[in-house]
Amino acid sequence: MATTGRHTQLLRGVLDLCLLAVVDDGPAYGYEMTKRLRARGLSIVGDGSVYPLLGRLERDGLVETYRAASNGGPPRKYYRTSADGRRMLVDGVSEWRATRDAIDTVLNPVESEV
Amino acid sequence: MARDEGCHRHRLESRGVGGVAVSRFVKECRREWKRLRVPDSVANEMAADLTADLAEAEAEGASPEDVLGSSAFDPRSFAASWAAERGVSQPPTARVGSPPRWWPIAAIAAIAVALVGALLLIAPKPGFHFQIGSSASGVTVVPHSSFRGPPPGLAAHASTLADHVHELGGLILIVGIVAMIATLVWIWRSRAGGGSGWSSPSAA
């Protein structure tokens, strides 16, 4: 239970980056992004969904939207990274890597002792 | 534990009714967006996207939970969260979780109406007491022994009037009681919030 809680907490800080990363792969609509995340081994929907997060990215101008017909389905709202979103993604990934490295430095000795 | 049972039940319902569950979910979302005064154009757009995504997921054999996670069990929180993150919601006119501001006035008015009705109902009849009894020759009016009373015609008229006042009192009392019950139900529903107690989406 505690592990699940920590997992959620850890994810919360980088979910926007993860979502931006899959949006940066190419324009996609909501469900498509859920599938992309899952294909990369990240199932964030256990604790929520991508929609509110997409809404926040849209509000903050980090993604742009447009409507287009989907394959055989109704017109969908597609998301793509904006210039600000791209900058934020690059900066965020740098921050993440620096943080991850710092934490690894602290935790790696523990891992080697176990 | 209780939440798990609720989730399990909802999951079964979702699988059992398919598209009906989707439309019910979207309908609940729309209701929440309306309450939050989300512009119709935005609400329509979100509802259309959600419906299309859930339909696609269903066609692929995925459940609403696969798309929405735990939010699939709480359409109102999901809808509120989505609208808030998009910055398209406004404070609702009547806040959920608390009764409307005018409830004390409604409650006092209902009690006052019931009291008036009760007073009219128990109000004594005119000072000249009489009995109506039947005899072989028909209806006879028998005045109280200590009071000769008004003329029989006037007494009968007063009696009829008193009966009408009593009937009116009973009617007003019933209206007052119904109003009190309605006010209590309204307060209770306002406190309950009219939605489910499922949790809000936390990951997003």
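Cut-offs and rules
Think of each chain on its own: its residues are numbered from 1, step by step along the sequence as written. All chains are assigned letters beginning with A, and all ligands numbers beginning with 1, in the order in which they are written. Local features in this predicted model are restricted to residues of pLDDT 70 or higher, and side-chain atom pairs are both shown and tallied only at a pLDDT of 80 or more, whereas totals for entire chains, interfaces and linings draw on every residue. Note that water and hydrogens are dropped before the side-chain values are worked out from all heavy atoms of the structure. Each helix corresponds to a stretch of at least 4 residues labelled H or I by DSSP, and each strand to a stretch of at least 2 residues labelled E; elements are numbered beginning at the N terminus. Exposure classes here rest on a 1.4 Å probe applied to the protein chains alone. A residue is buried below 20% of its type maximum, exposed above 50%, and partly exposed in between. Two strands form a pair only when DSSP identifies at least two bridges running between them. Each salt bridge in this description consists of a side-chain nitrogen of Lys or Arg and a carboxyl oxygen of Asp or Glu lying within 4 Å of one another. Patches here are clusters of residues that have more than 30% relative accessible area and form no salt bridge, with a 9 Å joining cutoff for like charges and a 5 Å cutoff for nonpolar side chains (Val, Leu, Ile, Met, Phe, Trp, Tyr). Using a 1.4 Å probe, the Shrake-Rupley method yields the accessible areas, and only the shown protein chains count as cover for residues. Put simply, two rings from Phe, Tyr or Trp (the six-membered ring, in Trp's case) pair if the centres are within 6.5 Å, and we call them stacked under 30 degrees between planes, edge-to-face over 60, tilted for the rest. Should the NZ of a Lys or the CZ of an Arg lie within 6 Å of a ring centre and within 35 degrees of the ring normal, that charge is described as sitting over the ring. The contact rule is simple, with two residues in contact once any of their heavy atoms fall within 4.5 Å. Buried area is understood as the total, over both parts, of accessible area removed when two parts are fitted together, assessed with a 1.4 Å probe. Residues are sorted three ways: Asp, Glu, Lys and Arg are charged, Ala, Val, Leu, Ile, Met, Phe, Trp, Tyr, Cys and Pro are nonpolar, and all the rest, Gly among them, are polar.

1. Remarks on the environment of Leu184(B)
Residues and elements named next belong to chain B.
Working step 1: Note that leucine 184 resides in helix 7 (residues 152-192).
Working step 2: The class of leucine 184 is exposed, set by a relative accessible area of 59%.
Working step 3: It is 9.0 Å that separates the C-alpha atoms of leucine 184 and tryptophan 103, two residues lying 81 residues apart in sequence.

2. A word on the pairing of strand 1 (residues 63-69) of chain A
Residue and element names in this part refer to chain A.
Working step 1: In terms of strand pairing, strand 1 meets strand 2 (residues 75-81) through seven bridges, oriented antiparallel. Among the inter-strand pairings, glutamate 64 is bridged to a residue of strand 2, identified as arginine 80.
Working step 2: Hairpin remark: strand 1 followed by strand 2, antiparallel, with five residues in the connecting loop; positive phi at glycine 72, about 70°.

3. Digging into the pattern of salt bridges
All names here are of chain B.
Working step 1: The final tally for this structure, using the stated rule, is 20 salt bridges over all chains.
Working step 2: We note a salt bridge from arginine 86 to glutamate 45, for which the minimum N-O separation is 2.9 Å. Highlighted residues: arginine 86 in helix 5 (residues 75-86) and glutamate 45 in helix 3 (residues 40-59), separated in sequence by 41 residues.
Working step 3: We classify arginine 86 as buried; its relative accessible area is 13%.

4. A few points about a nonpolar patch on the surface
Residues and elements named next belong to chain B.
Working step 1: A contiguous nonpolar surface patch, about 340 Å² in accessible area, is contributed by Val113, Leu168, Leu171 and Val175.
Working step 2: The biggest single contributor to the nonpolar patch is helix 7, with three residues.
Working step 3: Residue position: valine 113 is located in helix 6 (residues 103-122).

5. Focus: the packing of aromatic side chains
Working step 1: Scanning the entire structure with this criterion turns up seven aromatic pairs over all chains.
Working step 2: An angle of 90° between the planes, with centres 5.5 Å apart, marks the rings of Tyr29(A) and Tyr78(A) as edge-to-face. Of this pair, Tyr29(A) sits in the loop between helix 2 (15-24) and helix 3 (30-39) while Tyr78(A) sits in strand 2; the two residues are 49 residues apart in sequence, bridging distant segments of the chain.
Working step 3: Among the aromatic side chains, those forming a connected cluster through ring pairs are Tyr51(A), Phe25(B), Trp33(B), Phe78(B) and Trp82(B).
Working step 4: Here Arg76(A) stacks its cationic end above the ring of Tyr29(A), 4.0 Å away from the centre of that ring.

6. Comments concerning the interface of chain B and chain A
Working step 1: Across the contact, 27 residues belong to chain B and 26 residues belong to chain A.
Working step 2: When chain B packs against chain A, the two sides together hide about 2200 Å² of surface, and 47% of this comes from carbon and sulfur.
Working step 3: Between chain B and chain A we count eight salt bridges in total.
Working step 4: With its nearest N and O atoms 2.9 Å apart, the salt bridge here joins Glu60(B) to Lys35(A).
Working step 5: Counting residues per element, the ones that place at least two in the side of chain B that touches chain A are helix 3, helix 4 (64-68) and helix 5 of chain B.
Working step 6: No other element matches the seven residues that helix 3 of chain B contributes to the side of chain B that touches chain A.
Working step 7: When the residues that make up the side of chain B that touches chain A are grouped by side-chain class, the tally is twelve nonpolar, six polar and nine charged.

Read these as geometric descriptors, not functional statements.
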